[in-house]
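Notes for the structure review
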Protein chains: 2
Amino acid sequence: MTTDGPIKIESKGVAQEFLDSFDTFLFDCDGVLWLGTHLLPSIRETLELLNKLGKQLVFVTNNSTKSRASYCKKFASFGISVTEDQIFTSGYASAVYARDFLKLEPGRDKVWVFGESGISEELGLMGYECLGGTDPRLDEPFDHKSSPFLVDGLDPAVRCVVAGLDTKINYHRLAVSLQYLQQGEKVHFVGTNVDSTFPQKGFIFPGAGSCIASLACSSGRTPTYCGKPNMNMLNTIVSAKKLDRSRCCMVGDRLNTDIRFGVEGKLGGTLLVLTGIETEERALEVTQEHPRPRFYAEKLGDVYELTR
Amino acid sequence: MTTDGPIKIESKGVAQEFLDSFDTFLFDCDGVLWLGTHLLPSIRETLELLNKLGKQLVFVTNNSTKSRASYCKKFASFGISVTEDQIFTSGYASAVYARDFLKLEPGRDKVWVFGESGISEELGLMGYECLGGTDPRLDEPFDHKSSPFLVDGLDPAVRCVVAGLDTKINYHRLAVSLQYLQQGEKVHFVGTNVDSTFPQKGFIFPGAGSCIASLACSSGRTPTYCGKPNMNMLNTIVSAKKLDRSRCCMVGDRLNTDIRFGVEGKLGGTLLVLTGIETEERALEVTQEHPRPRFYAEKLGDVYELTR
């Protein structure tokens, strides 16, 4: 660690130095551990190595479509054992924000969800009644005279709209969400994450940010975002896990979300892996556009392969 | 016309002066002539009076969901006879923009439509093949492996995405539109109109602008807007009708679109009617937020009622 630029993990010595520098590793998932349903090389072995070394592992994803319980199943499908309390999704971070920051009261305050089950499941576990979300009545074409969400008026107990990626986005969902957002300050506006796109299988599809953008435009309101790189997410993790930031390393495949998250969160270090959307050239670039990582590697599995 | 402030049409003299000042009247429709399916008082009589006086009447709407032909039918349903060439919708203005400014060539260049039939019908009349739009295959849930719009690759003949209000907005439409927008400069990005909301029956629903905002966010691109208050719309009308701007009056119910349109387009005058979303207080307000109208009236029908 004698240079200021990013250090490439490509020798046993550097890999060992990397392992020794941190007690806790925070991992982005897609692009780091797997690509969609395809586990990347030596991931299982790397995570086993870290566990053996007594490191704490935390998994941090901006994907709000799945709950933490669903993520556990996904890990299990790859033969990796992970417990729910190791997983932080942007949907969970949004629920924590609603509970701890907005102080919504379970049993009294309700939440209108624009998004998939990963949001309402987490809110439900905290005791909040959720409206909207995956309710199949929202799949029906919108008619304000017959929408079951409008005919009897809005639910006055709704105190918050939580919005995220919704692949079932439609005019019915947008129109009713807007009615709640028009209630003004009484109803808070929370966005799971700002990512405008959602890379998948070589395509770039619309992300949470571009679903939320529509609501932000129609309502004229700006949501509070809870996912990476927003510090709401990191504060949630640090406080839940009682972490010493200087001994934490954020591992990710995106400079502008993952690496920024680690740098702005003043974590001890960051590792960029090149199995996602970034290149070595971008990793080494000196620019105002994005922060530079402390370490970078062709793939996360190199940490295991170089030290075995 | 001795004061600088807006003049209220509330006497026979002022109404007569208003009529004498202009040869051509440009009317916004919803909120001016009708509210949804309800014709406002004395509208038929006012339009008949203007016709008798030899005035030219032009109807200008930001609603892109209906074609000019559909608007003719709507006028006819109120017993008002209007020809297609008197009507300018934002969908038609977008088609004119694609033809006259982007110089798209019918038979060779195609257009991907995100929006309702009012856009593709107008483009079709000009000879452009449209993809997307109301194609019922886009109503199916999105799967990039089976979407008929992606399995064989994008259509290389598509040179433009025209986007407007789409009450059938869904992830399939957003995702495929985004693939075309990702082609960069080769594929132009045109938005029908910027209105973020769509007032209807006492509700405020999402408008074209908030549908387009989602595509703008995911693509990182800014569309060219063709509807009011953009001058593309006015230039289209002025050139089609060979108008003398100094003898034209824009009549509308919104300060920020209709009245701005008339003022920035350097028309001879503007008339704000209070049957839509504005109040007398707003009409008289001196502010940087919106321009002031030259004339205002409780309702357009007052022009007839005061002079009969």
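Residues numbered from 1 in each chain as written. Chains lettered and ligands numbered in written order. Predicted model: local features only at pLDDT ≥ 70, side-chain atom pairs only at ≥ 80, totals over all residues. Heavy atoms only, no water.

Quick word on the sheet that holds strand S13 (residues 224-225) of chain B
All names here are of chain B. As a reminder of what qualifies: Pairing between strands is defined by DSSP: at least two bridges between the two strands are required. Put simply, DSSP marks the helices as runs of H or I at least four residues long and the strands as runs of E at least two long, and each gets a number from the N terminus on. Should any heavy atoms of two residues lie within 4.5 Å, those residues are considered in contact. Structural elements are reduced to axes, namely lines fitted to C-alpha atoms, with helices fitted over the stretch in contact, and the angle between N-to-C directions of any two is expressed from 0 to 180 degrees.
Strand order in the open sheet made by the 5 strands is S8-S7-S9-S10-S13, with parallel pairing throughout. A strand with exactly one partner marks an edge of an open sheet, and here the two such strands are strand S8 (129-132) and S13. Note that strand S9 (residues 158-163) and strand S10 (residues 188-191) share 4 bridges and pair parallel. Note on S10: the bridge partner recorded for Cys160 is His188. Relative to strand S7 (residues 110-114), helix H5 (residues 117-125) is tilted by about 165°, and along the sheet it contacts S7, S8 and S9.

Remarks on the pairing of strand S5 (residues 56-61) of chain B
Residues and elements named next belong to chain B. Short version of the rule: Burial here depends on accessible area, computed with a 1.4 Å probe over protein chains only, as a share of the maximum for the residue type. Under 20% is buried, over 50% is exposed, and the range in between is partly exposed. Place the viewer so that the strands point away; then a crossover is right-handed whenever the path from the first strand over the helix to the second strand goes clockwise.
Of all 6 residues that make up S5, 5 are buried, and the element is covered over most of its length. Here strand S2 (residues 24-27) runs beside S5; their pairing, made up of 4 bridges, is parallel. Bridge pairing in S5 links Phe27 to Phe59. Two elements, S5 and strand S6 (residues 87-89), share 3 bridges in a ladder whose sense is parallel. By the bridge assignment, Phe59 is partnered in S6 with Ile87. Handedness of the crossover joining S5 and S6 through helix H3 (residues 68-77) is recorded here as right-handed.

What to know about the pattern of salt bridges
Residue and element names in this part refer to chain A. Applicable threshold: We define a salt bridge as a side-chain nitrogen of Lys or Arg found within 4 Å of a carboxyl oxygen belonging to Asp or Glu.
In total, this model carries 46 salt bridges over all chains according to the counting rule given. Across the pair Lys110 and Glu129 runs a salt bridge whose closest N-O atoms are separated by 3.9 Å. Here Lys110, found in strand S7 (residues 110-114), pairs with Glu129, found in strand S8 (residues 129-132); they are 19 residues apart in sequence, far enough to count as distant. Given a relative accessible area of 17%, Lys110 falls into the buried group. A residue is classified by how much of its surface remains accessible, and Glu129, at 43% relative accessible area, is partly exposed. Salt-bridge contacts for Arg260 lead to Glu264; the nearest nitrogen and oxygen are separated by 3.2 Å. Placement of the pair is Arg260 and Glu264 together in helix H9 (residues 255-264), with a separation of 4 residues, close to one helical turn. Relative accessible area serves as the criterion here: at 44%, Glu264 is assigned to the partly exposed category. In this structure, a network of salt bridges that share partners links the residues Glu105, Arg108, Asp109 and Arg159.

Section: the interface of chain B and chain A
Reports often express the size of an interface as the amount of accessible area lost when the parts come together. Note the following rule: Under this definition, polar contacts are N or O atom pairs within 3.5 Å; protein pairs additionally need one hydrogen-donor-capable and one acceptor-capable atom, and for neighbouring residues in sequence, both atoms have to be side-chain atoms.
Contacts between chain B and chain A engage 29 residues on the former and 29 residues on the latter. Here chain B and chain A share 0 salt bridges between them. Inspection of the chain B/chain A interface yields 8 residue pairs in polar contact (both at pLDDT 80 or more). Looking at the side of chain B that touches chain A, the elements that each hand over two or more residues are helix H6 (171-181), strand S11 (197-200), strand S12 (203-206) and helix H7 (208-219) of chain B.

A closer look at helix H6 (residues 171-181) of chain A
Residues and elements named next belong to chain A. With 11 of 11 residues buried, H6 lies mostly within the body of the structure. All buried positions along H6 are accounted for by Tyr171, His172, Arg173, Leu174, Ala175, Val176, Ser177, Leu178, Gln179, Tyr180 and Leu181. A distance of 3.3 Å separates the backbone nitrogen of His172 from a side-chain oxygen at the start of H6, and that oxygen is part of Asn170.

A few points about helix H1 (residues 12-20) of chain A
Put simply, the test is: Arc, as used here, means the arc of the directions from the helix axis to the C-beta atoms.
Taken residue by residue, H1(A) has Val14(A), Ala15(A), Phe18(A) and Leu19(A) as its buried positions. Along the axis of H1(A), the buried positions cluster into a sector of 140°, meaning they face one direction only.

Remarks on the sheet that holds S7(A)
All names here are of chain A. Spatially, the 5 strands line up as an open sheet ordered S8-S7-S9-S10-S13, and their pairing is parallel. Each edge of the open sheet is held by one strand with a lone partner, namely S8 and strand S13 (224-225). Sheet analysis places S7 next to strand S9 (residues 158-163), joined by 5 bridges and oriented parallel. When the sheet's bridge partners are listed, Val111 is paired in S9 with Cys160.

Focus on the packing of aromatic side chains
As a reminder of what qualifies: Any pair of Phe, Tyr and Trp rings, taking the six-membered ring for Trp, is counted once the centres come within 6.5 Å. Such a pair is stacked with planes under 30 degrees apart, edge-to-face with planes over 60 apart, and tilted for the rest.
This model, assessed by the stated rule, comprises 36 aromatic pairs over all chains. Arranged with centres 5.1 Å apart and planes meeting at 75°, the rings of Phe18(A) and Phe295(A) form a pair that is edge-to-face. Taken together, the positions of Phe18(A) in helix H1 and Phe295(A) in strand S16 (residues 295-297) put the pair 277 residues apart, joining distant regions of the chain. Taking the relative accessible area as the measure of exposure, Phe18(A) reaches 2% and is therefore buried. Looking at Phe295(A), the relative accessible area reads 0%, which means it is buried. Ring geometry for Phe203(B) versus Phe205(B): centroids 5.2 Å apart, planes at 15°, classification stacked.

Some remarks on the relation of the copies chain B and chain A
The test is simple: Fitting of the copies onto one another was done by least squares over C-alpha atoms, counting residues only where both copies have pLDDT of at least 70.
In the superposition of chain B on chain A (RMSD 0.0 Å, axial shift 0.0 Å), the rotation amounts to 180°. In short, the pair behaves as if placed about a two-fold rotation axis. Counting the interface residues of chain B, we find that 100% of their copies in chain A are interface residues as well, pointing to one common contact surface.

Focus: the side chain of Glu278(B)
Residues and elements named next belong to chain B. Its location among the elements puts Glu278 in the loop between strand S15 (269-273) and helix H10 (280-284). Only 2.9 Å separates the side chain of Glu278 from the backbone nitrogen of Leu255, close enough to count as a polar contact. At 2.8 Å, the side chain of Glu278 forms a polar contact with the side chain of Arg282. Every residue in contact with Glu278, bar those within four places of it in the chain, is listed here: Asp253, Arg254, Leu255, Asn256 and Leu272.

Structural notes on the UniProt feature "binding site: Mg(2+)" (unreviewed entry) in chain A
Residues and elements named next belong to chain A. Basically, it comes down to this: UniProt positions are given in the numbering used here, feature names are shortened, and annotations may be inferred rather than shown by experiment.
If you check UniProt for "binding site: Mg(2+)" (unreviewed entry), the listed places come out as Asp28, Asp30 and Asp253 in our numbering. Across 226 residues of sequence, these annotated residues stay compact in space, with a maximum C-alpha separation of 8.3 Å. Along the polypeptide, Asp28 turns up in the loop between strand S2 (24-27) and strand S3 (34-35). A relative accessible area of 8% places Asp28 in the buried class. Not counting residues up to four positions away in its chain, the partners in contact with Asp28 are Leu33, Val60, Thr61, Lys228, Met250, Val251, Gly252, Asp253 and Asp258. Side chain to side chain, Asp28 and Lys228 meet in a polar contact 2.9 Å long. Looking at the element boundaries, Asp30 is found in the loop between S2 and S3.

Quick notes on the pairing of S12(B)
A regular strand places its side chains so that they alternate between the two faces of the sheet. All names here are of chain B. Direction of pairing for S11 relative to S12: antiparallel, over a ladder of 4 bridges. Paired with Phe198 across the bridge in S12 is Phe205. Remark: 2 residues form the turn of the hairpin made by S11 and S12, two consecutive strands paired antiparallel; Lys201 in that turn has positive phi of roughly 50°.

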